[in-house]
Amino acid sequence: MTNLQISPPAPVQTALDTLCNAGYEAYIVGGCVRDALRGTAPHDWDCTTNAKPDEICACFRDFHVIETGLQHGTVTVVIGHMPIEITTYRIDGVYADHRRPDTVTFTDSLTDDLARRDFTVNAMAYHPDRGLIDPYHGADDLHTKIIRCVGSPRDRFDEDGLRILRAMRFASVLDFTIEEGTANAVHAQKTLLHHISAERIDTELTKLLCGIGAEHVLTDFADVLFTVLPELEPMHGFDQCNPHHDYDVYAHTLKTVAACPPEPVLRWAALLHDSGKPHTFTTDEHGGHFYGHAVVSKEIAGRALKAMKCDRRRYDRVLLLVDQHDLVMNGTEKQLKRIVRKLGDEAAEQLLLLHKADVTAQAACHRAQRIEESDRLLAMLEKLREEDACMSLKQLAVTGGDLMSLGIPQGKAVGEMLNALLEAVIDGALPNERAALLDYVKSCL
Ligand code: ATP
Ligand code: MG
């Protein structure tokens, strides 16, 4: 273990001191302890205490208190602009619906509270004066990079099916291995995920996809992915019979995911980009082909993301990238400008990044050259941005108002002329200069 001394930020220390000075026990717990012990900065700090919710509220009456989930014993206290979740030690009752406990009981035992947590690495508590409280040996598992359920994996997954996906998520994000007993239960009980809401699955799956170990986790637990996204199963083991590809469609997909920057839109687009391939497969003397697969991938991506109830922004952008992913790039500035014009600057960059990841996951014989071409396009985009090259209507040196003052009637005609000017500028037929553009417009009248 690298560092057993954790220094919580001042507001968190204030929260601990406030509770301890009032005679209660208080610890930081869960993800923040895990991350601090790994030497990564925790993104939020949760506390646990034997104070009951009303006692927590009384302790923090001078602070802004949000009653997040009083019946589950959770209160959020804002100290120095930092929201800190404080939860009363609790034991979860029966989980009749495989999702949430029917009841929770407050307890005075920290060990009991830690027992209800999902994995040993998430079941550690710490107080600067009392040190690490680790009854389930999470520090050892952290050291050997293992995700292991607290207690019987079968029972724990039976209580809450989401933990199946959480095990995979933590294995991916932390780049850990799932311990054998836990892994067996993940496979055996995967259908419990049918009890879990789409939104919670989407949250965990998105984190999983953005993790450093996404490829190995989704290789080992492909069956779980197909339980939540059955439309992806046909990719599994689908031989591409094509010299451009060393891998089957699913293996290629996972390599593309791993080669994308760890960002939700890109990783989802990578996961879904070739989902239409098994449905469009044809062969001839040159091998396998997948004509029109991007369109089918887009339909499948739409269904998959709808099933996940993903937000509209991600939905639209992922579908756009999937639809465009096999656009043939000819390496010219003109084409790149057109892509930016059509998709917008951010989506164009994402398309280039997806394209690069896609070629990175293709056959070794062409890989180096194609990656080089992709890098050249990314550098070209950067250069065009630095030059503030005109690639959108708002960058054009004239406005709709200018055209109307030349006598073009308000409405459709103005838009058409602006688009024609932009086309001409992108083609290099006209400079993006006000006088030259206005002269051109006059010559058309
Ligand atoms: P991160 O916030 O970095 O994603 P985390 O470990 O803080 O990771 P959260 O989902 O924020 O994860 O949960 C906080 C803690 O609550 C976990 O560390 C774990 O102890 C406990 N926990 C969360 N969800 C569950 C669950 N479904 N079953 C059991 N314990 C859980
Ligand atoms: Mg957290």
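Residues numbered from 1 in each chain as written. Chains lettered and ligands numbered in written order. Predicted model: local features only at pLDDT ≥ 70, side-chain atom pairs only at ≥ 80, totals over all residues. Heavy atoms only, no water.

Visitor: Which residues make up the pairing of strand S2 (residues 46-49), and what values do they have?
Guide: The pairing of strand S1 (residues 26-29) with S2 spans 4 bridges and is antiparallel. Note that in S2 the partner of Ala26 across the bridge is Thr49. (Pairing = 2+ DSSP bridges. Helix = DSSP H or I, 4+ residues; strand = E, 2+ residues; numbered from the N terminus.)

Visitor: How would you explain helix H14 (residues 293-307) if you had to name every residue and give the values?
Guide: For H14, spanning 15 residues, the distance from its first C-alpha to its last is 21 Å, which sits close to the expected 21 Å at 1.5 Å a residue. The complete set of buried residues in H14 reads His293, Ala294, Ser297, Ile300, Ala301, Gly302, Ala304 and Leu305. Once H14 finishes, Lys309 follows within two positions and takes phi at roughly 55 degrees, a positive value. (Expected span 1.5 Å × (residues − 1). Buried < 20%, exposed > 50% of the residue type's maximum accessible area, 1.4 Å probe, protein only.)

Visitor: Tell me what's going on with the nonpolar core, and back it up with residues and numbers.
Guide: If you look at the biggest cluster of nonpolar residues, it comprises 106 residues, and the most contacted ones within it are Ile28, Ile147, Met168, Leu229, Trp268 and Leu272. Of all the elements, helix H7 (residues 162-174) adds the most residues to this core, at 8 residues. Taken together, domain 1 (1-144) and domain 2 (234-389) each give at least three residues to this core, which thus spans both. (Core = buried A, V, L, I, M, F, W, Y, C linked by side-chain atoms within 4.5 Å. Domains from an automatic or database assignment.)

Visitor: Could you give an account of the side chain of His355, with specific residues and numbers?
Guide: Here His355 lies in helix H17 (residues 345-360). Each residue touching His355, except ones within four places of it in the same chain, is listed here: His325, Leu327, Met329 and Ser374. (Contact = heavy atoms within 4.5 Å.)

Visitor: Give me the lowdown on the site of ligand 1, citing residues and values where you can.
Guide: Near ligand 1 there are 15 residues, and of these Arg34, His43, Asp160, Arg163 and Arg169 occur at the shortest range. A distance of 2.7 Å is found between an oxygen atom of ligand 1 and a side-chain nitrogen or oxygen belonging to Arg169. For ligand 1, whose free accessible area comes to 580 Å², the fraction covered by protein is 80%. Cavity membership is defined here by more than half of the atoms lying within 2 Å of grid points; on that basis ligand 1 lies in the largest pocket. For the shell around ligand 1, the secondary structure elements donating two or more residues are helix H2 (31-38) and H7. By residue number, the principal contributor to the shell around ligand 1 is H7, which donates 4 residues. Here the residues of the shell around ligand 1 sort into 1 nonpolar, 4 polar and 10 charged. (Near = heavy atom within 4 Å. Polar contact = N/O pair within 3.5 Å; in protein donor to acceptor, adjacent residues only side chain to side chain. Areas by Shrake-Rupley, 256 points an atom, 1.4 Å probe, with all protein chains shown as cover. 1 Å grid on protein atoms, 1.4 Å probe; cavity = no way out; pocket = protein on both sides within 12 Å on 5 of 7 lines; lining within 4 Å. Sits in = over half its atoms within 2 Å of the grid points. Nonpolar A, V, L, I, M, F, W, Y, C, P; charged D, E, K, R; others polar.)

Visitor: Which residues make up the pattern of salt bridges, and what values do they have?
Guide: For the coordinates displayed, the defined rule picks out 34 salt bridges. The partner of Asp274 in a salt bridge is Lys277, with the nearest N and O atoms 3.3 Å apart. Accessibility classification places Asp274 together with Lys277 in one group, the buried group. Connected via shared salt-bridge partners are Arg156, Glu159, Asp160, Arg163 and Arg200. (Salt bridge = Lys/Arg side-chain N within 4 Å of Asp/Glu carboxyl O.)

Visitor: I'd like a rundown of the environment of Leu354, residues and numbers included.
Guide: Along the chain, the position of Leu354 falls in helix H17. With a relative accessible area of 2%, Leu354 lands in the buried category. In sequence terms Leu354 and Ala269 are 85 residues apart; their C-alpha atoms lie 7.8 Å from each other.

Visitor: Which residues make up the layout of surface pockets, and what are the values?
Guide: If you add up the space inside the largest pocket, you get close to 1,500 Å³. For the lining of the largest pocket, the elements supplying multiple residues, two or more each, are H2, S2, strand S3 (64-69), strand S5 (82-88), strand S6 (90-92), H7 and helix H9 (198-209). Of the residues contributing to the lining of the largest pocket, the split by class is 11 nonpolar, 11 polar and 20 charged. By volume, the second largest pocket amounts to about 780 Å³. Around the second largest pocket, the lining comprises 31 residues; the ones closest to its centre are His244, Asp326, Val328, Gln362 and Arg370. Considering each element in turn, the lining of the second largest pocket owes the most residues, 5 residues, to helix H18 (residues 364-386). Residue composition of the lining of the second largest pocket, by class: 8 nonpolar, 16 polar and 7 charged. (Points joined across faces, edges and corners; volume = space filled by probe spheres on them.)

Visitor: Go over the environment of His127, please, and point to the residues and values.
Guide: Mapped onto the elements of the fold, His127 is located in strand S8 (residues 125-127). By relative accessible area, which is 5% here, His127 ends up buried. Placed 121 residues apart in sequence, His127 and Ile6 show a C-alpha to C-alpha distance of 8.3 Å. When sequence neighbours within four positions are dropped, the list of residues in contact with His127 reads Leu16, Cys20, Ala26 and Tyr27. A polar atom in the side chain of His127 sits 2.9 Å from the backbone nitrogen of Asp129.

Visitor: Describe the sheet that holds S5, with residues and values.
Guide: Pairing is mixed in the open sheet, where 7 strands are placed in the order S3-S4-S5-S2-S1-S8-S9. Two strands lie at the open edges of the sheet, namely S3 and strand S9 (131-133), each paired on one side alone. Adjacent strand axes in the sheet meet at a mean angle of 35 degrees when their direction is disregarded. As judged from the 2 bridges shared by S1 and S8, these two strands associate in the antiparallel manner. Looking at the pairing, Ile28 lines up with Tyr126 of S8. Along the sheet face, helix H1 (residues 10-21) touches S1, S2, strand S4 (74-79), S5 and S8 and points at about 35 degrees away from the line of S5. Across the face of the sheet, H2 comes into contact with S1, S2, S8 and S9 while running at roughly 65 degrees to S1. (Axes fitted to C-alpha atoms, helices over the stretch in contact; angles between N-to-C directions.)

Visitor: Requested: an account of helix H12 (residues 249-259), with residues and values cited.
Guide: Those residues of H12 that fall on the buried side of the exposure criterion are Val249, Tyr250, His252, Thr253, Leu254, Thr256 and Val257. In this structure, the buried side of H12 is in contact with H9, helix H10 (214-220), helix H11 (222-228), helix H13 (264-272) and H17.

Visitor: Quick rundown of the domain arrangement of the chain? Include the residues and the values.
Guide: If you check the domain split of the chain, you get domain 1 (1-144), domain 2 (234-389) and domain 3 (393-444). The centre of domain 2, based on its C-alpha atoms, is set 34 Å off from the matching centre of domain 3. Contact residues are listed per partner, giving 6 residues for domain 2 and 6 residues for domain 3. Together, the buried faces of domain 2 and domain 3 total about 650 Å²; carbon and sulfur atoms form 37% of this surface. When the area that domain 2 buries against domain 3 is broken down by residue, the three leading residues are Lys334, Arg338 and Arg341, summing to 71%. Run the count over domain 2 and domain 3 and you get 3 salt bridges. Between Asp427 and Arg338 there is a salt bridge, with its nearest N and O atoms 2.4 Å apart. For the pair domain 2 and domain 3, the number of links is 6 residue pairs in polar contact (both at pLDDT 80 or more). When its residues are assigned to classes, the side of domain 2 that touches domain 3 shows 1 nonpolar, no polar and 5 charged. (Buried area = accessible area lost by both parts, 1.4 Å probe.)

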